[in-house]
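Letter by letter, the chains look like this.
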Amino acid sequence: MTTRPSQSTALLIVDVQTGVVADAWARDAVVQNIANAVARARAEGVPVLWVQHQSEELPVGSAPWQWVPQLQPAEGEPLIHKQHNSAFEGTALLAELDRLGVGHLVLAGAASNWCIRATAYAALERGFDLTLIADGHTTSDLELGPGRRVTAQSVIDDLNTTMQWLSYPGRRNAVVNAAELSFAPPAAAS
């Protein structure tokens, strides 16, 4: 896959829905960090795209399917509905990003180990530069059985570390905290 020619940036908010983040790690802080990034993107004229998952547990129109009250799409901001982990699979996301001329995605949302990871890899595989907001994604602990648990914080730490060192030819990726976020594409590797 070749890289995207555009240096235009978009903020991609994935699945920050009441049923997805109800018991998520550091939920309130992460939602606030995402809200701050959305406000900055809007103030800077950076497009904000919203991805909303639907499934048996998140039926369209149900309370768990709704956005958290602190995050609401503005009129005219693209809404992408999905049924798979990757926001690119079976959706109009790629066509919408092409329409906007986007080459760099800033990514935030939930759940870190499922939809954020899948979307991050899919973006890089499709030639996008990527910035992951380190404190702008979350998940819940995963119970694997008696005495076996994967903590949400370990998943988040793992993804943040992985995305700092992941390498795709011609693509740039970065991980930054919300307070340090710039909508400029990541610097080229030295």
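Conventions adopted
- Residues numbered from 1 in each chain as written.
- Predicted model: local features only at pLDDT ≥ 70, side-chain atom pairs only at ≥ 80, totals over all residues.
- Heavy atoms only, no water.
- Salt bridge = Lys/Arg side-chain N within 4 Å of Asp/Glu carboxyl O.
- Helix = DSSP H or I, 4+ residues; strand = E, 2+ residues; numbered from the N terminus.
- Buried < 20%, exposed > 50% of the residue type's maximum accessible area, 1.4 Å probe, protein only.
- 1 Å grid on protein atoms, 1.4 Å probe; cavity = no way out; pocket = protein on both sides within 12 Å on 5 of 7 lines; lining within 4 Å.
- Points joined across faces, edges and corners; volume = space filled by probe spheres on them.
- Nonpolar A, V, L, I, M, F, W, Y, C, P; charged D, E, K, R; others polar.
- Pairing = 2+ DSSP bridges.
- Right-handed = clockwise from strand over helix to strand, strands pointing away.
- Phe/Tyr/Trp six-rings, centres within 6.5 Å; stacked < 30°, edge-to-face > 60°.

**Looking at the pattern of salt bridges**
Under the criterion given, the structure shown has 11 salt bridges. K82 is paired through a salt bridge with D15; the nearest N and O atoms lie 2.8 Å apart. Of this pair, K82 sits in strand β3 (residues 79–82) while D15 sits in the loop between β1 (8–14) and α1 (18–21), and the two are 67 residues apart along the sequence. Of the two residues, K82 and D15, neither departs from the other in class, the shared state being buried. With its nearest N and O atoms 2.6 Å apart, the salt bridge here joins R149 to E143. Connected through shared salt-bridge partners, D141, E143 and R149 make up one network.

**Re the layout of surface pockets**
Counted as a void, the largest pocket has a volume near 330 Å³. Lining the largest pocket are 17 residues; nearest its centre among them are G19, V20, L58, A111 and W114. Only α1 and α4 (112–125) provide two or more residues apiece to the lining of the largest pocket. The dominant element in the lining of the largest pocket, judged by the number of residues it contributes, is α4, at 3 residues. Looking at the lining of the largest pocket, its residues break down into 7 nonpolar, 7 polar and 3 charged.

**Some thoughts on the pairing of strand β5 (residues 129–138)**
Taken across its 10 residues, β5 has 9 buried, putting it largely inside the fold. In terms of strand pairing, strand β4 (residues 102–110) meets β5 through 6 bridges, oriented parallel. Paired with H104 across the strands is D129, a residue of β5. Handedness of the crossover joining β4 and β5 through α4 is recorded here as right-handed.

**Some thoughts on the packing of aromatic side chains**
Going through the model one piece at a time under the given rule, you end up with 2 aromatic pairs. Between W50 and W67 the ring centres are 5.1 Å apart and the planes differ by 75°, which places this aromatic pair in the edge-to-face class. Pair noted here: W50 is in strand β2 (residues 48–53) and W67 is in the loop between β2 and β3, with a separation of 17 residues, a long-range link. The class of W50 is buried, set by a relative accessible area of 0%. The class of W67 is buried, set by a relative accessible area of 9%. Between F88 and F128, the aromatic rings sit 5.9 Å apart at their centres with planes inclined by 35°, giving tilted as the arrangement. Of the two residues, F88 is situated in the loop between β3 and α3 (93–100) and F128 in the loop between α4 and β5; the sequence distance between them amounts to 40 residues. F88 sits in the buried class, given a relative accessible area of 5%.

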